[in-house]
Amino acid sequence: MTISIDPQKTNNESLQPKGWLRYFSFSLDHKVIGIQYLVCGFLFYLIGGTLASAIRIELASPMSDFMPRDVYNQVLTLHGTIMIFLWIVPVVNGAFGNYLIPFYVGARDMAFPRLNAVAFWLIPPSGLMLVASYFVEGAAQAGWTAYPPLSITTPQSGQIIWILSVLLLGGSSIFGGINFIATIIKLRRPGLKLMQLPMYCWAMLGTSLLVVLSTPVLAGTLILLSFDIIANTGFFNPVLGGNVVVYQHLFWFYSHPAVYIMVLPAFGLVSEILPVHARKPLFGYTTMVFSIMGIVVLGLVVWAHHMFTSGTPPWMRLFFTIATAFIAVPTGIKFFNWVATLWGGKISINSAMLFSCGFIVNFVFGGITGVALAQVPFDIHVHDTYFVVAHFHYIVYGGTVFIIFSSIYHWFPKVTGKMLNEKLGILHFIITFIGFNLCFAPQHWLGLNGMPRRVAEYDPQFQFVNQISSLGALLMAISTIPFLINVFLSVKNGKNAGDNPWNALTPEWLTSSPPPVENWEGEAPLVEEPYGYGKEISEQK
Amino acid sequence: MTTLDSSKEIQKNNSEVNETHEDFRMFGLITFLIADGMTFAGFFAAYLTYKAVNPLPDGAIYELELPIPTLNTILLLVSSATFHKAGKALLKDKNSDSQKWLFFTAFLGIIFLICQLFEYFHLPFGLTDNLFASTFYALTGFHGLHVTLGTLMILIIGWQSRINGGRLTSQNMFPLEAVELYWHFVDGIWVVLFIILYLL
Ligand code: HEM
Ligand SMILES: [Cu+2]
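This text gives an overview of the structure that appears in the document. Keep in mind that what you see is a predicted model, and the values were worked out from it rather than measured.

## Re the overall build of chain B
Move 1: A tally of regular secondary structure across chain B gives five helices and one strand.
Move 2: Order of helices (α) and strands (β) in chain B, N terminus to C terminus: β-α-α-α-α-α.
Move 3: In chain B, which comprises 200 residues, the share counted as buried stands at 49%.
Move 4: For chain B, the computed accessible surface area is about 10,100 Å², with 67% contributed by carbon and sulfur atoms.

## A short note on the packing of helix 12 (residues 351-373) of chain A against helix 14 (residues 386-416) of chain A
All names here are of chain A.
Move 1: At a minimum axis distance of 8 Å, the contact between helix 12 and helix 14 shows a crossing angle of 160°. Considering their axes alone, helix 12 and helix 14 lie roughly antiparallel with respect to each other. Where helix 12 crosses over helix 14, the two elements pack in a sense that is left-handed.
Move 2: In terms of residue class, the contact of helix 12 with helix 14 is built from 14 nonpolar, 13 polar and no charged.

## Topic: the coordination of the iron atom of ligand 1
In an ideal tetrahedron of four donors about a metal, each angle is 109.5 degrees. In an ideal octahedron of six donors, the angles are 90 or 180 degrees.
Residues and elements named next belong to chain A.
Move 1: Only His79 (NE2) and His393 (NE2) from the protein coordinate the iron atom of ligand 1, and they sit 2.1 to 2.2 Å from it.
Move 2: If you look at the iron atom of ligand 1, its six donor atoms make angles of 84 to 180° with each other, and the shape they trace is octahedral. With His79 in helix 3 (residues 69-105) and His393 in helix 14, the pair connects residues that are 314 residues apart, well separated along the chain.
Move 3: Taking the relative accessible area as the measure of exposure, His393 reaches 13% and is therefore buried.

## Brief notes about the nonpolar core
Move 1: Ranked by size, the top nonpolar core spans 223 residues in total, and within it Trp87, Phe96, Met199, Phe359 and Phe405 of chain A together with Phe136 of chain B carry the most contacts.
Move 2: For this core, the element with the most residues is helix 3 of chain A, which contributes 22 residues.
Move 3: Setting aside residues up to four positions removed in sequence, Phe96 of chain A forms contacts with Leu38, Val91, Ile101, Tyr200, Leu269, Ile404, Ser407 and Ile408 of chain A.

## Points about helix 2 (residues 67-91) of chain B
Move 1: With 25 residues, helix 2 of chain B extends 37 Å between its outermost C-alpha atoms, agreeing within 8% with the 36 Å of an ideal straight helix rising 1.5 Å per residue.
Move 2: Note on helix 2 of chain B: the residue one or two positions beyond its end, Asp93 of chain B, has a positive phi of about 65°.

## Here we look at the coordination of the copper ion (ligand 2)
Residues and elements named next belong to chain A.
Move 1: Coordination of the copper ion (ligand 2) by the protein comes from His256 (ND1), His305 (NE2) and His306 (NE2), over a distance range of 1.9 to 2.1 Å.
Move 2: On the primary sequence, the residues serving as donors to the copper ion (ligand 2) are separated as H-x48-H-H.
Move 3: Residue His306 is classed as partly exposed on the basis of its relative accessible area of 22%.

## With respect to the pattern of salt bridges
Residues and elements named next belong to chain A.
Move 1: Enumeration over the complete set of coordinates arrives at four salt bridges over all chains.
Move 2: Between Arg69 and Glu457 there is a salt bridge, with its nearest N and O atoms 2.7 Å apart. Placement of the pair is Arg69 in helix 3 and Glu457 in the loop between helix 15 (422-448) and helix 16 (463-493), with a sequence separation of 388 residues.
Move 3: Glu457 sits in the partly exposed class, given a relative accessible area of 29%.
Move 4: For Arg189, the salt bridge goes to Glu523, with nearest N and O atoms at 3.8 Å. Here Arg189, found in the loop between helix 7 (157-186) and helix 8 (199-230), pairs with Glu523, found in the loop between helix 16 and helix 17 (533-540); they are 334 residues apart in sequence, far enough to count as distant.
Move 5: The exposure class of Glu523 is buried, given its relative accessible area of 10%.

## Focus on a nonpolar patch on the surface
Residues and elements named next belong to chain B.
Move 1: On the surface, Phe103, Ile110, Ile114, Leu149, Leu152, Met153, Leu155 and Trp159 cluster together to form a nonpolar patch covering roughly 720 Å² of accessible area.
Move 2: Examining the composition of the nonpolar patch, we find that five residues originate from one element, helix 4 (residues 131-163), more than from any other.
Move 3: Mapped onto the elements, Phe103 comes out in helix 3 (residues 95-122).
Move 4: A relative accessible area of 33% means that Phe103 is categorised as partly exposed.

## Some points on the packing of aromatic side chains
The geometry of two aromatic rings is summed up by the distance between their centres and the angle between their planes.
Move 1: As enumerated under the stated definition, the model contains 64 aromatic pairs over all chains in all.
Move 2: Between Phe378 of chain A and Phe387 of chain A the ring centres are 5.2 Å apart and the planes differ by 85°, which places this aromatic pair in the edge-to-face class.
Move 3: Given the relative accessible area of 26%, Phe378 of chain A is considered partly exposed.
Move 4: Take Phe387 of chain A: its relative accessible area is 5%, and that puts it in the buried class.
Move 5: Between the aromatic rings of Phe125 of chain B and Phe136 of chain B, the centroid separation amounts to 5.6 Å while the plane-to-plane angle is 90°, which identifies the pairing as edge-to-face.

## Regarding empty space enclosed by the protein
Residue and element names in this part refer to chain A.
Move 1: Enumeration over the complete set of coordinates arrives at four cavities of 30 Å³ or more.
Move 2: In this structure, the largest cavity occupies an estimated 240 Å³ of space.
Move 3: Val89, Pro90, Asn93, Ser172 and Ser173 are, among the 24 residues lining the largest cavity, the residues nearest its centre.
Move 4: Elements with a minimum of two residues in the lining of the largest cavity: helix 3, helix 7, helix 8 and helix 9 (244-278).
Move 5: Broken down by element, the lining of the largest cavity gets its largest block of residues, eight residues, from helix 7.
Move 6: Its residues assigned to classes, the lining of the largest cavity comprises 13 nonpolar, eleven polar and no charged.
Move 7: Around the second largest cavity sit 14 residues that line it, and Tyr104, Leu192, Pro507, Pro525 and Val527 are the ones nearest its centre.
Move 8: Of the residues that constitute the lining of the second largest cavity, the class distribution is eleven nonpolar, two polar and one charged.

## Points about the site of ligand 1
Residues and elements named next belong to chain A.
Move 1: Around ligand 1, a shell composed of 24 residues is seen, among which His79, Tyr386, His393, Arg453 and Arg454 lie nearest.
Move 2: Tyr386 has a polar side-chain atom sitting 2.9 Å from an oxygen atom of ligand 1.
Move 3: Every element with two or more residues in the shell around ligand 1 is listed here: helix 2 (30-58), helix 3, helix 14 and helix 16.
Move 4: Residue classes in the shell around ligand 1 are distributed as 17 nonpolar, four polar and three charged.

## A few points about the environment of Lys51 of chain B
All names here are of chain B.
Move 1: In this structure, Lys51 sits in helix 1 (residues 25-53).
Move 2: For Lys51, a relative accessible area of 42% corresponds to the partly exposed category.
Move 3: C-alpha separation for the pair Lys51 and Leu131, spaced 80 residues apart in sequence, amounts to 9.5 Å.

## Comments concerning the environment of Pro515 of chain A
Residue and element names in this part refer to chain A.
Move 1: In this structure, Pro515 sits in the loop between helix 16 and helix 17.
Move 2: For Pro515, a relative accessible area of 11% corresponds to the buried category.
Move 3: Placed 16 residues apart in sequence, Pro515 and Asp499 show a C-alpha to C-alpha distance of 8.9 Å.
Move 4: When residues no more than four places from it in sequence are discounted, the contact partners of Pro515 are Lys31, Tyr99, Phe103 and Lys414.

## Observations regarding unusual backbone geometry
Residue and element names in this part refer to chain A.
Move 1: Of note, the amide linkage connecting Pro148 to Pro149 takes the cis form, showing an omega dihedral of 0°.
Move 2: Here Ser513 and Pro514 are connected by a cis peptide whose omega angle stands at -15°.
Move 3: By secondary structure assignment, the location of Pro514 is in the loop between helix 16 and helix 17.
Move 4: In the Ramachandran plot, Ala146 falls in the positive-phi region, its phi being about 50° despite a non-glycine side chain.
Move 5: Take Ala146: it is sitting in the loop between helix 5 (123-132) and helix 6 (150-153).
Move 6: Backbone geometry at Arg279 places phi at a positive 50°, although glycine is not the residue there.
Move 7: Residue position: Arg279 is located in the loop between helix 9 and helix 10 (285-299).
Move 8: Since its relative accessible area comes to 14%, Arg279 is described here as buried.

Cut-offs applied
Residues numbered from 1 in each chain as written. Chains lettered and ligands numbered in written order. Predicted model: local features only at pLDDT ≥ 70, side-chain atom pairs only at ≥ 80, totals over all residues. Heavy atoms only, no water. Helix = DSSP H or I, 4+ residues; strand = E, 2+ residues; numbered from the N terminus. Buried < 20%, exposed > 50% of the residue type's maximum accessible area, 1.4 Å probe, protein only. Areas by Shrake-Rupley, 256 points an atom, 1.4 Å probe, with all protein chains shown as cover. Axes fitted to C-alpha atoms, helices over the stretch in contact; angles between N-to-C directions. Parallel < 35°, antiparallel > 145°, perpendicular 65-115°, else oblique. Left-handed = near helix turned anticlockwise from the far one by under 90°. Nonpolar A, V, L, I, M, F, W, Y, C, P; charged D, E, K, R; others polar. Donors = N, O, S within 2.8 Å, 3.2 Å for Na, K, Ca; no water. Tetrahedral: all angles 85-135°; square planar, octahedral: opposite > 155°, others 65-115°. Core = buried A, V, L, I, M, F, W, Y, C linked by side-chain atoms within 4.5 Å. Contact = heavy atoms within 4.5 Å. Expected span 1.5 Å × (residues − 1). Salt bridge = Lys/Arg side-chain N within 4 Å of Asp/Glu carboxyl O. Patch = residues over 30% accessible without salt bridge, like charges linked within 9 Å, V, L, I, M, F, W, Y side chains within 5 Å. Phe/Tyr/Trp six-rings, centres within 6.5 Å; stacked < 30°, edge-to-face > 60°. 1 Å grid on protein atoms, 1.4 Å probe; cavity = no way out; pocket = protein on both sides within 12 Å on 5 of 7 lines; lining within 4 Å. Points joined across faces, edges and corners; volume = space filled by probe spheres on them. Near = heavy atom within 4 Å. Polar contact = N/O pair within 3.5 Å; in protein donor to acceptor, adjacent residues only side chain to side chain.

Structural data, given as structure tokens:
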């Protein structure tokens, strides 16, 4: 049987609100849904960022004087949860995936447009619920990992809402994952081979496999956890015979892959952006594909490197250390491929390129500390100190968030038909880059010298370095201002972009900006070489 | 540009935007069932770990009775077969036959649930008695939830084929095939569960 996918019909355009209003309505158009993901995620990012500033204000002085200790824990929990489940994951998967994947496979919409809309509309209510849970009696305060027994012994109404909203967000990401897998594998335009797909498709395929295989395990775990809280069962409660380490295993079986759910799409996006602005083909396409799949497989078997201090037996430590070290191989391949892509290219220095290069630099740093952390003796020394905080912020902020901004600069002209102001963009990059490194680099030192994470009070000897870090956080907060100004000014009266301002070859640039509802007039173009830049340059000569 | 080619592969009316593609809802369903299976895998892994590293103190060990779960296993296996019959009948356009088989399958599902409840009421332990008891109820309860959902879906498609013989035909097998796949999946999980929980 065949199914008709005519966006004009499924969307019933005459009934849809026109102009910007349609971004606030229930739409089945993948482009609208993508933008909805982005804007919604960004609003939560502003909330999460405000909380981060509050954390850094508290830590500017050694005593717990800005907020009480339990409030600090609540703020920390809410910050971590929002940043991961409402900003990074939905934006880097949902927003860019929805916008770009149908273009890349030559389709007019996602495989399951309705499921797609459902996946998005789960996010705003559960996010609001999460934020609102802060105001109930006893907000969640066990961190974004919700480790028991803390999560079952602290006041509980907030923790229950926390669980519920993470469950809903998990459901949203599973639906999204199913949709991406079906779209990439099944919905390709006839004649388009898998090995001709732009790299972001491969990254999203890998990510979605991880989502489908690991998110349900988190869901099951949280259901058991909620039983412990509501029904007084003892799955994870040692007092009742339960086992906290089982929780950690199950939790990290999701949350280690989750770091790749956050960063693999960023790998894909940077692989789209670099060739365009360096005017060179992506170096080593095939090795890139295999390294993504290698990361998916290895990513699923290294979770216990988060548990070296939980009394894991020696054979387990050995196995997980080796497996983790192996992940450095495919990741390293990707790194060298990006550098080789830049090598000898006609590089244009613009905001998108700067953020992408910033990503490469920060990511290498975070990757190296990650390999260091996989070594048991070292990890036992710095576990639960600021070294870990520094490591994962180098990955999630220095990596993924940098790429989110890079992508916004790169695709803004396509989405709106307007250019962003380059001067403001470069200013944004400079403040972000300095602020970010000022904030998180010193935290390596703090961790090595023994400052524990997740506490509001610390030894006064750490005060000076903490103040530098807080200063960096302040810069990061400020950096949002030029970005927001830029977006608002450009949407209102930016320079017209034309259909293909970067002279890019990937399919989304072969339609008008902004694209029509059905993506193309007539038939989808078949792009056999999405990175054929060398050729194009020689043709021009 | 050399990279552009919009003519060769598809021959179709260019002015028309309406496109059709093959039906891959089944593909989506399979992906979903893999995800669902991972939830069970997590539960099984937790159960087996508890069994290995948190043995119950003496006196708290319960022997599970086998008759009811064995009967339930047979019920589910038979129901998989009767569901298959329903599909076969529909394929031959024997709508009313197909409908009878569907309702019989749902009936077996309901008997399964009743047996499970009966077992629950006669077990010597409750949800919070100890770790084993909690895990037992979590596993069987989560599976029972799946059986309940499956039974409801069977009833719905059976009912749909009744009120307007057009909803479920040999031309539109998808609802039946989807629920059938789901049902076989739930059966398969039960067999694993039966082995791990009752026999090991
Ligand atoms: C905007 C700048 C940011 C600043 C200044 C900042 C600052 C902090 C600080 C000070 C902590 C507390 C660490 C501790 O006490 O253990 C923290 C924790 C955390 N942050 Fe950020 N952060 C920022 C952005 C992000 C982003 C973009 C993410 C996205 C994933 C993120 C995810 C987390 C997580 C998961 C935790 C751990 C929370 C927990 O342990 O419960 N942060 N952050
Ligand atoms: Cu990890």
